[in-house]
Amino acid sequence: MTNERGTTMIPLVRRAAVVLATSAALLSGSLVTGAAQAAQPPAAEPGAAAATLRDAAEEQGRFVGTAVADGRLGNGTYTGIASREFSSVTAENVMKWDAIEPSRGSFNFAPGDRLVDFAQAGGQQVWGHTLVWHSQLPGWVANGGFNQTQLTQVMNNHITTVMDHYEGDVAYWDVVNEAFNEDGTLRSSVFSDTLGSGFIGTAFRTARAADPDAKLCINDYNTEGVGAKSNGLYNLVSSLLSQGVPIDCVGFQSHFILDQIPSTFQTNLQRFADLGLEVVITELDIRMNLPADSAKLQRQAAQFASVTRTCLAVSACRGITVWGFSDADSWVPGVFDGQGAACLYDQNYQAKPAFGAMLTALGGEPGGGDPGDPDPPAGPCQVTWRVTSRWNAGSVVEVGIRTTAAVNGWSATFALPSGHRVTSGWNAVFSQSGATVTAANAPYNGNVGAGGTIGFGFQTDNGGQYTPPTVSLNGTACTAA
Ligand code: XIL
């Protein structure tokens, strides 16, 4: 089976698996067909924490993507990071209407094809952006004076031709982008003005017919929290679904302002997920007033981590795409006066604190970046877990927890395998409820300075193997040291 590009098509199941498959499978060539395979990032060593965003996300069963600027594909620093860290790519501009069908019936696929080739060489998923949008729309559509029948034909032809061309190469499409006003009503555009609100259903039905295997998304901004705009989107999506319109996912652009991540983000993602849809964070960046300083960059890091955890907390949240990974390429300064520094990497492609924080939030461990990169900040605590002796009816375990910040009183919790009991211990006061063991400070060791280590040990009644469990310090999970 080949598509219009002449690429061998990957059936949906295999294409979707590309993202979740181990890099080993990708390297074996068992999953990627089509374009020649180039160097792919090595998988994390078995048992080691993932050192790249893409490996860490893969271990969570999610993808992590970036928008890619066509003009940067010749820059080795840029492409190196894009391939190493991301398992999905979105065309920042080259698949938009003005770029891909600049005049009626005349399609310019070369830049989009370049992106697909780049992605396939690196074993990455391609996210198609975007088919029907009021912006970056060529004058011949926006001001063409088409009547309802004509515009329907123009829109359907655009969707069909572009999707046919990329059939099998693009896993998800933003079919409709930014259709709403801030108050939740439908935005006025040539599409809604000429075709009424029905243009959205028409676009999705046409898209499904063009590529039945692509996942079809509606994408918007300022819809991340519960509010008038997301309510409008929710009501429309619910009603489209009840009419049998083929819609698979909702994209939340997530162009955030520092310190203004909506507190209802997770609740909102979950209500869309509860409609049976995938939800995806499609264009994440977190901008700040310039100049950046280290306090703002630290807060930004914490907020990238919190957005990441929000996605991980919603099982239908399949991935997170950042809208450019470097401040050198971000759209923000050109659009929001005096603001910027919104990305994971700085102007010189050096990882910012946000990079380490996002990696850690994905369960990875900073350290696998470019040699010479500044060390990303450590998480709140790092734990060592050692079984120092074991016999048929007992084990001795020693635990060390390094705390990044000073603590004044501590309590460490972890789970033992079912049925195992702590029988005695030292340097902590132990209690156990079911599998969960709590080790609280003894009267003499509650105060530990920043960077200090808490040490305690215990004996159990079972000589079975222990996989080191997650240990939390004062309620926060520690990373493995
Ligand atoms: C932006 C690009 O990043 C810029 O290069 C371009 O000049 C304008 O569009 N929402 C979207 C994206 O859906 O397509 C926009 O991308 C950012 C906002």
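As shown above, the structure is provided for reference.
Here goes a summary of the coordinates provided. (Residues numbered from 1 in each chain as written. Predicted model: local features only at pLDDT ≥ 70, side-chain atom pairs only at ≥ 80, totals over all residues. Heavy atoms only, no water.)

Topic: unusual backbone geometry
Phase 1 of the analysis: Here the residue pair His 129 and Thr 130 is connected by a cis peptide bond, since its omega of 0 degrees sits within 30 degrees of zero.
Phase 2 of the analysis: Tracing the chain through its elements places Thr 130 in strand S3 (residues 125–132).
Phase 3 of the analysis: Leu 290 connects to Pro 291 through a cis peptide bond whose omega is 0 degrees.
Phase 4 of the analysis: Summarising the element assignment, Pro 291 is placed in the loop between strand S8 (278–289) and helix H13 (294–312).
Phase 5 of the analysis: The phi angle at Tyr 349 is positive, at roughly 60 degrees, despite the residue not being glycine.
Phase 6 of the analysis: Positioned with a positive phi, Asn 427 is a non-glycine residue whose angle comes to about 65 degrees.
Phase 7 of the analysis: Note on placement: Asn 427 falls in the loop between strand S15 (422–426) and strand S16 (428–433).
Phase 8 of the analysis: Taking the relative accessible area as the measure of exposure, Asn 427 reaches 30% and is therefore partly exposed. (Helix = DSSP H or I, 4+ residues; strand = E, 2+ residues; numbered from the N terminus. Buried < 20%, exposed > 50% of the residue type's maximum accessible area, 1.4 Å probe, protein only.)

Considering the site of the ligand
Phase 1 of the analysis: Near the ligand lie 13 residues; those nearest to it are Glu 92, Lys 96, His 129, Glu 283 and Trp 323.
Phase 2 of the analysis: Glu 92 places a polar side-chain atom, nitrogen or oxygen, 2.4 Å from an oxygen atom of the ligand.
Phase 3 of the analysis: Here an oxygen atom of the ligand sits 2.9 Å away from a polar atom, N or O, in the side chain of Glu 283.
Phase 4 of the analysis: In isolation the ligand exposes 410 Å². Once the protein is present, 78% of that is buried.
Phase 5 of the analysis: Its residues assigned to classes, the shell around the ligand comprises 3 nonpolar, 6 polar and 4 charged. (Near = heavy atom within 4 Å. Polar contact = N/O pair within 3.5 Å; in protein donor to acceptor, adjacent residues only side chain to side chain. Areas by Shrake-Rupley, 256 points an atom, 1.4 Å probe, with all protein chains shown as cover. Nonpolar A, V, L, I, M, F, W, Y, C, P; charged D, E, K, R; others polar.)

What to know about the pairing of strand S6 (residues 249–252)
Successive residues of a regular strand alternate their side chains across the two faces of the sheet.
Phase 1 of the analysis: Side chains of S6 alternate between two faces, with Cys 249 and Gly 251 and Val 250 and Phe 252 buried alike.
Phase 2 of the analysis: With 4 bridges joining them, strand S5 (residues 215–220) and S6 adopt parallel strand pairing. The residue bridging Cys 217 from the neighbouring strand is Cys 249, located in S6.
Phase 3 of the analysis: Between the parallel elements S5 and S6, the chain passes through helix H11 (residues 228–242) in a crossover that is right-handed.
Phase 4 of the analysis: Sheet topology places S6 next to S8; 4 bridges connect them, and they run parallel. Each residue of the ladder has a partner; that of Val 250, found in S8, is Val 279. (Pairing = 2+ DSSP bridges. Right-handed = clockwise from strand over helix to strand, strands pointing away.)

A look at the side chain of Ser 326
Phase 1 of the analysis: Mapped onto the elements, Ser 326 comes out in the loop between strand S9 (317–322) and helix H14 (332–335).
Phase 2 of the analysis: For Ser 326, a relative accessible area of 0% corresponds to the buried category.

Structural notes on the sheet that holds strand S20 (residues 472–473)
Phase 1 of the analysis: On the basis of which strands lie adjacent, the open sheet formed by 5 strands has the order S16-S17-S14-S20-S21 and antiparallel pairing. The open sheet is flanked by S16 and strand S21 (476–477), the only strands paired with a single partner.

Quick look at the packing of aromatic side chains
Phase 1 of the analysis: Taken as a whole and judged by the stated rule, the model has 26 aromatic pairs.
Phase 2 of the analysis: Ring centres 6.3 Å apart and planes at 85 degrees place the aromatic pair Trp 140 and Phe 146 in the edge-to-face group. Each member of the pair, Trp 140 together with Phe 146, is buried.
Phase 3 of the analysis: An aromatic cluster of at least three residues, connected via ring pairs, comprises Tyr 78, Phe 86, Phe 325, Tyr 345, Tyr 349 and Phe 355.
Phase 4 of the analysis: Positioned above the aromatic ring of Tyr 221 is the side chain of Lys 229, whose terminal nitrogen or guanidinium carbon lies 3.6 Å from the ring centre.
Phase 5 of the analysis: One cation-aromatic arrangement involves Arg 271 over Tyr 234; the distance from NZ or CZ to the ring centre is 4.8 Å. (Phe/Tyr/Trp six-rings, centres within 6.5 Å; stacked < 30°, edge-to-face > 60°. Lys NZ or Arg CZ within 6 Å of the ring centre and 35° of its normal.)

What about the environment of Ala 50?
Phase 1 of the analysis: Considering the arrangement of structural elements, one finds Ala 50 in the loop between helix H2 (23–28) and helix H3 (53–59).
Phase 2 of the analysis: Residue Ala 50 is classed as buried on the basis of its relative accessible area, which comes to 0%.

A look at the packing of H13 against helix H15 (residues 353–361)
Phase 1 of the analysis: Contact pair H13 / H15: the axes reach a minimum separation of 8 Å and the direction vectors enclose 25 degrees. Here H13 is positioned roughly parallel relative to H15, judged by the angle of their axes. Handedness of the crossing formed by H13 with H15: right-handed. Touching Leu 297, Gln 298, Gln 300, Ala 301, Phe 304, Ala 305, Thr 308, Arg 309 and Leu 312 of H13 are Pro 353, Ala 354, Ala 357, Met 358 and Ala 361, all from H15.
Phase 2 of the analysis: Tallied by class, residues from the contact of H13 with H15 come to 10 nonpolar, 3 polar and 1 charged. (Axes fitted to C-alpha atoms, helices over the stretch in contact; angles between N-to-C directions. Parallel < 35°, antiparallel > 145°, perpendicular 65-115°, else oblique. Left-handed = near helix turned anticlockwise from the far one by under 90°. Contact = heavy atoms within 4.5 Å.)

A word on H11
Phase 1 of the analysis: Here H11 contains 15 residues, and its C-alpha end-to-end distance of 21 Å stays within 8% of the 21 Å for a straight helix at 1.5 Å per residue.
Phase 2 of the analysis: At its buried positions, H11 is contacted by helix H10 (198–210), S5, S6 and helix H12 (265–273).
Phase 3 of the analysis: Just past H11, the residue Gly 244 takes up positive phi, approximately 80 degrees. (Expected span 1.5 Å × (residues − 1).)

Brief notes about the nonpolar core
Phase 1 of the analysis: If you look at the biggest cluster of nonpolar residues, it comprises 95 residues, and the most contacted ones within it are Trp 173, Val 176, Ile 218 and Leu 344.
Phase 2 of the analysis: With residues up to four places along the chain from it excluded, the contact list for Ile 218 reads Val 176, Phe 180, Ile 200, Phe 204, Leu 233, Leu 236, Val 237, Ile 247, Cys 249, Val 250 and Gly 251.
Phase 3 of the analysis: Val 397, Ile 401, Leu 416 and Ala 428 belong to the second-largest nonpolar core, a separate cluster that totals 22 residues. (Core = buried A, V, L, I, M, F, W, Y, C linked by side-chain atoms within 4.5 Å.)

Overview of the sheet that holds strand S12 (residues 394–403)
Phase 1 of the analysis: Across the sheet, 5 strands lie side by side as S15-S19-S12-S11-S22; this open sheet has mixed pairing. Where the open sheet ends on each side, the last strands, each with one partner, are S15 and strand S22 (479–480).
Phase 2 of the analysis: Of the strand pairs in this sheet, S15 and strand S19 (residues 453–460) are connected by 4 bridges, and their pairing is antiparallel. Each residue of the ladder has a partner; that of Val 422, found in S19, is Thr 460.

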